[in-house]
Amino acid sequence: QVQLVESGGGSVQFGGSLRLSCAASRGRYSRPLMGWFRQAPGKEREGVAGIDRYGSTAYADSVKGRFTISQDNAKNTLYLQMNSLKPEDTAMYYCAADSRPRFASLHPGHYNYWGQGTQVTVSS
């Protein structure tokens with residue numbers, strides 16, 4: 001089992017920045033695949049960014065150039081730096097992990113551990 005706890009959400013204005021953090025209960029070897037997802041009211045959960053055990057990353061087209069996923073293995077923490085935020089980025093953001101050594105993925109079905117989420121609200 002891997003427990004994930006997100007933090008760093010909040011309310012910002014258009015063009016602002018936030019950094020989300022995800023603290024994992026177990027080391028990198030237990031969760032070679034990590035990712036961030038988001039879900040807005042009335043919409044399906046969508047993949048935002050993923051990172052695999054090699055450090056390769058994947059991003060949704062809507063966030064490329066604005067969001068950066070990274071990890072600090074010593075701290076068992078995953079990050080999502082979000083810049084140039086837009087109102088359409090408003091959603092609950094979830095951290096996810098998988099115990100299988102997949103390549104970076106934005107598919108929610110590829111993840112078997114999920115955090116409780118942190119809310120991000122961007123006002124215009």
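Residues numbered from 1 in each chain as written. Predicted model: local features only at pLDDT ≥ 70, side-chain atom pairs only at ≥ 80, totals over all residues. Heavy atoms only, no water.

Participant: Provide a residue-level description of the overall build of the protein chain, including the pertinent values.
Facilitator: Along the backbone of the protein chain there are zero helices and eleven strands. For the protein chain, the sequential pattern of α-helices and β-strands runs β-β-β-β-β-β-β-β-β-β-β. Against the 2.2 N^0.38 benchmark of 14 Å for 124 residues, the protein chain shows a C-alpha radius of gyration of 13 Å, consistent with a compact globule. Reported as C-alpha extents along the three principal axes, the dimensions of the protein chain are approximately 40 × 25 × 25 Å. Long-range pairs, those at least 24 residues apart, make up 61% of the contacts in the protein chain with a sequence separation of at least 6. Accessible area of the protein chain: about 6,200 Å², with a carbon and sulfur share of 48%. (Helix = DSSP H or I, 4+ residues; strand = E, 2+ residues; numbered from the N terminus. Rg over C-alpha atoms; globule rule 2.2 N^0.38 Å. Contact = heavy atoms within 4.5 Å. Areas by Shrake-Rupley, 256 points an atom, 1.4 Å probe, with all protein chains shown as cover.)

Participant: Account for the state of the cysteines, with residues named and values stated.
Facilitator: Per the counting criterion, the structure on display carries one disulfide. Two residues share a disulfide in this structure: C22 and C95, whose sulfurs sit 2.0 Å from each other. Its S-S torsion of about -75° marks the bond between C22 and C95 as left-handed, since a negative value means left-handed. On the criterion of sequence distance, the pair formed by C22 in strand β3 (residues 18–24) and C95 in strand β9 (residues 91–98) is long-range, its members being 73 residues apart. For C95, a relative accessible area of 0% puts it in the buried group. (Disulfide = S-S within 2.5 Å. Buried < 20%, exposed > 50% of the residue type's maximum accessible area, 1.4 Å probe, protein only.)

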